[in-house]
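Observations on chain architecture
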Amino acid sequence: MDYKKTAKSVLDGLGGADNVDYFTHCATRLRVTIGDRTKVDKSQIEKTDGVLSVIEQAGQTQVVIGNEVSEVYTEMTKLPGMDREAGSSSSGSKSAESSGEKKAGIITRMFDVLSDSFRPVLWALLGSSMILTLIVLLQQLGVFGHYTNFAGQNVTVDLVNGPKVGDDAANEDLMNTWRSQFPFWFILLGAAMSVLNFMPVFIGATAAKRLGANMWVGAAIPAALMTDAFRGLSTMAGDAGHLTLFHIGDWGVPLYLFNYTGQVFPPLFAVAVLAPLERLLKKIIPNMLHMVFVPMISILIMVPLTALIIGPIGVNLGLGISNVFQWLNDINPAIVGVVVAGSYLFMVPLGLHWPLNAVMISNLSTLGYDFIQSPMAAYNFAVFGVVTGVAIRAARDKELRQVATGAAVSGLLGGISEPSLYGVVLRYKRVFPLILVPAMIAGGLISWLGVRSYAFAFTSLLSIPAMQPIPLFAIGLAIAFFGGLAGVLVFGFRSREQRETDLAKQSVATDEVPTGDRIRAAADEPEASRPTPAAVSSGGATATNATGAGVATEPWAESRGQEAATRESGSPQDDDAVTVGAPLEGDVVALSEVPDPIFAGGKLGQGVAITPTANTVVAPQSGTIIATPASGHALGLRLDSGVELLIHVGIDTVGLDGRGFTPEVAKGDRVETGQKLLTFDRDVITEAGCSLITPVVVTNTPKFADVEGLPGGRAGLGTPIIRVTTA
C-alpha cells in the first residue's frame, strides 16, 4: 500500500481538508467528523487501495483500514490543510463537540466520546498489561518460590496481589521481605501497574482533548482525588466510608470517599462538565487573563464538585454494571460467558463494547481480577477461526484470501478483531451463526470453569497467560477457534448471490488467468496432445454429438476457413473491431433482461444473454480456458483476440452443484473454434426452478474502447452477438 496515495484518496473522498472538522484513529479505523456529509464520496473511498469499508456511526464517518491505519493517518496529517493536532480544527477553536457530530443522539455521542478517550491510552495500557501478564505467568510457574498462607496451604508467591498470611501487619512484613528478595521485579511491577492505577488521569486528559477542553486541567481533576491529601480523608472516615463536609441547617452534606485508582467513569463525567464550564469562563474572563484564571476557577469548581457528586455517581455506575454481571455469575457462571460471547458480535460494530472495557479495568483495579474478559476471548477466537476458514476456502479468490489471511494473523497474534469483522464477517453475514454457536459454547464453558483475567489485554495467542488457569482457558479457545473454522469448511461462507458474483469475479482474477508463457506453451503443444475439436464439415454438413444434436453449423466452417485463409495469406486482421460469435443456439436478448442485478447492471462486463434452444456450449473462436468452476455451470474463455468471455449457463444454477452439467474441458486447455466446451440438461435446470437465460459477457470490458451487445432474433452457432472495438 502506498500510504501517501491512500491518504490523499481518502481525504479527497471525504470532501477535502475544509470538510473535516475532527479526525483521529483507533487500532483499525480513521474516525472523521464531517462538516457537510453531501460532499463525501463513499464509493471513491471504498475503492481506495487499503480501505476495507466505510461506515457511518455515532455521527462520524469511519474508514476501516486495518493494521496500517496509523501510517495512513500520519500521511493525512501531512496533507495541506490537515496540519492540526490530533484532528482538531485548523483554527483550533472548533471542537468536535461543536461540529456536525451534534446530529448524533446523546447516547451514541457518549459511546463515541468514551471510545475516543480510551483509544489513545490503549497503546500504553496494552504494553504495560503484557508486562503484568509476564509476571503473572512467572508466578504461576513458581519462579518466585512458594509460601504458606493463612489456611495452611502451600501456594506460589504473589507479587501482584500480595501475601495472605493473617493480619495486615503480617502481610506487610512478608511483602517487604519479597521486595528485598526481588527488587528488580517490583520495578517491573510498577511499570506494569502504572497505566492501570493512574487510568483516571490519562482518561481525564484524553477526554478533555476530545471535548475541546484543556487536557491538563482534565488530568488535574482526577489526579486531585488520588493525592495523599484526599486519600487521607478516607483513613479518617474508616469503615463509615464518608465524612460530613459541612452543614446546611440541620443537614450535614456528606462526602462519600472512594478509591479512584483505575476508575474510568468519574473522569469522563467530570470532563463532560468541565468542557462547557471552560467555554463559559472564556467568554466571561478577558483574554489577557485566560491563562491564569480560567484553569484556576475550573479546578476550584470541578475538584469539589467531582468529589461530592460526579465521582460517586461514576464509581457507582461502574459498580452497578459490574454487579449485574456478578449477579448473573452467582446464578450460574456459564450465563455470563454465554451473554458476553454472544453479544460482542453486535456490540463491537456499534461501539457498545467500550463501557464493558471500562468495567473490566475497574474490576482489575478493585478486585485484582476480572471475569468478563475471559469469555469475551471466546468471541474473538471464534471470529479468527471463521476468518481462517474463509482464507482456506477462498483459495481461488486472491483478494479475499489476502484480506482473510491478514485479518486472521493480526487477530491471532495481536488480538485485534476489526480487520476480521469489517474485512470478512460483515461482508459475508452467512457466517454470523458460525461465529455465535462456538463462541457462546466456549464462552459459557470458560466462565463455568472459573477462568479469570489478571491483566487487561487484547485476547490473542500471546496474551493467553493473562488468563488463569491457562489449560482450561486454552480448551475454551480451541473450541471457539476450531468450531468456527469447521463451520466455514462444512457450510461455506457465501450466500447464493455472493457465490455467483464471486465466481464470476474469479474468471478474471489475476491468479486465475494463465500467463502468457502458459498460453504460448499451450499453443505450441503437439497436435496429438490437444483436445480433439468437434467434427466440423468443410461444406454444408452439420457436425453432431453423441445424441445427434447439432453442435456446429455452416458459420463455423466459414469462420475456420477464413482464419486459415488469413493465416496462409499473411493478411492482417482488423485491429479496430472484433466480432464474437454465439457460443450456443437460442434467442439473443439484451443483458438488461437478465433476472440478476449483477449481470443486468453490467457489473461483470458488457455483452448479451441467450435463452438456449439447444444443450451445447462451444468455443466461438480459438482460445484458452481460464476458469472452470467445480459446479460446471459456467466457464471463462480467453480468445486469441484478447477478449475474455464469461459464459454463465442459467441463473442461480451454481446451487445445482454440477447436476445437469457435463464440462468437456478443463482450466488451461487450448480450444479451437467450434470445439464443444460444455453440455447441459435444460430439463434439470427448469425443474430446479432456475432460469435458463445465459449471460455471455466480456469480463475485461474496461480494456476496450467499446463493447456492444447485438441482441435481437435467434442466433445459430457463430452468429455475431458482440462487437468489441479495440481502438
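Predicted model, so just to flag it, every value in this text is computed and none were measured.

**Section: the packing of helix H14 (residues 373-393) against helix H15 (residues 398-414)**
- The contact between H14 and H15 brings their axes to 8 Å, and the two run at 150°. The angle between H14 and H15 falls in the class roughly antiparallel. For the pair H14 and H15, the crossing hand works out as left-handed. On the side of H14, the interface is formed by Phe381, Phe384, Val387, Thr388, Val390 and Ala391, while H15 contributes Leu400, Arg401, Ala404, Thr405, Ala407, Ala408, Gly411 and Leu412.
- Looking at side-chain class alone, the contact of H14 with H15 contains 10 nonpolar, three polar and one charged residues.

**A closer look at the confidence of the model for the chain**
- Counting all residues, the mean pLDDT for the chain is 79, and 82% of those residues have values of 70 or more.
- Under a pLDDT of 50 for its full length, residues 84-104 has, in the predicted model, 43 contacts with residues more than four places off or in other chains.
- Below pLDDT 50 for its whole length, residues 506-574 participates in 94 contacts with residues either more than four positions away or in separate chains.

**Some details on the packing of aromatic side chains**
- In this structure the tally under the stated criterion is 10 aromatic pairs.
- Centroid distance Phe144 to Phe182: 5.2 Å. Interplanar angle 75°. Geometry classified as edge-to-face. With Phe144 in the loop between helix H4 (106-140) and strand E5 (146-148) and Phe182 in the loop between helix H5 (168-181) and helix H6 (183-197), this pair connects stretches of sequence that are 38 residues apart. The exposure classification of Phe144 matches that of Phe182, with both residues buried.
- With centroids separated by 5.8 Å and ring planes inclined at 45°, the aromatic side chains of Tyr344 and Tyr379 adopt a geometry described as tilted. Of the two residues, Tyr344 is situated in helix H12 (residues 333-350) and Tyr379 in helix H14; the sequence distance between them amounts to 35 residues.
- A network of ring pairs unites the aromatic residues Phe144, Phe182, Phe184 and Trp185 as a single cluster.
- Sitting over the ring of Tyr369, Arg452 keeps its end group 3.9 Å from the ring centre.

**As for the sheet that holds strand E17 (residues 623-627)**
- Taken in spatial order, the eight strands line up as E21-E17-E18-E19-E23-E15-E14-E25 in an open sheet, and their pairing is antiparallel. Both outer strands of the open sheet, strand E21 (670-671) and strand E25 (714-715), are each paired with one neighbouring strand and no more.
- Both strand E18 (residues 634-639) and strand E19 (residues 644-648) contribute to a ladder of five bridges, which runs antiparallel. Within the sheet, the bridge partner assigned to Ala634 lies in E19 and is His648.

**Concerning the environment of Ala577**
- In this fold, Ala577 is placed in strand E13 (residues 577-581).
- If near-sequence neighbours (up to four positions away) are discounted, Ala577 is found in contact with Val724, Thr725 and Thr726.

**Describing the sheet that holds strand E20 (residues 661-663)**
- Strand order in the open sheet formed by three strands is E16-E22-E20, and the pairing between neighbours is antiparallel. Each having just a single partner strand, strand E16 (616-618) and E20 make up the two edges of the open sheet. Strand-to-strand, the axes of this sheet are offset by a mean angle of 15°, without reference to chain direction.
- Judged from the three bridges that link them, E20 and strand E22 (residues 676-680) form a sheet pairing that is antiparallel. By the bridge assignment, Thr662 is partnered in E22 with Thr679.

The rules behind these values
- Residue indices begin from 1 for each chain and proceed along its sequence in written order.
- A pLDDT threshold of at least 70 governs which residues receive local features in this predicted model, and a stricter bar of 80 or more applies before side-chain atom pairs are shown or counted, although totals over entire chains, interfaces and linings include all residues.
- In computing side-chain properties, one takes all heavy atoms of the structure into account and sets aside hydrogens as well as water.
- Inter-axis angles, ranging from 0 to 180 degrees, are taken between N-to-C directions of lines fitted to C-alpha atoms, where helices are fitted over the stretch in contact.
- Secondary structure is summarised from DSSP: a helix means a run of H or I of at least four residues, a strand means a run of E of at least two, and numbering begins at the N terminus for each.
- If an angle is under 35 degrees, it is roughly parallel; if it is over 145, roughly antiparallel; if it lies from 65 to 115, roughly perpendicular; otherwise it is oblique.
- Two helices that cross are described as forming a left-handed crossing if the nearer one is turned anticlockwise from the farther one by less than a right angle, and a right-handed crossing if clockwise.
- Here, residues are in contact when the closest pair of their heavy atoms is within 4.5 Å.
- Side-chain classes are defined by residue name, with Ala, Val, Leu, Ile, Met, Phe, Trp, Tyr, Cys and Pro counting as nonpolar, Asp, Glu, Lys and Arg as charged, and the others, Gly among them, as polar.
- Per-residue confidence from the predictor is reported as pLDDT, a score between 0 and 100.
- Pairing of aromatic rings covers Phe, Tyr and the six-membered ring of Trp, with a centre-to-centre limit of 6.5 Å; geometry is then stacked below 30 degrees between planes, edge-to-face above 60, and tilted otherwise.
- To sort residues, take the accessible area from a 1.4 Å probe on protein chains only and compare it with the maximum for the residue type: under 20% means buried, over 50% means exposed, and anything in between is partly exposed.
- Geometrically, a charge over a ring is one whose NZ (Lys) or CZ (Arg) sits within 6 Å of the ring centre while staying within 35 degrees of the ring normal.
- Should DSSP find at least two bridges between two strands, the strands are taken to pair.

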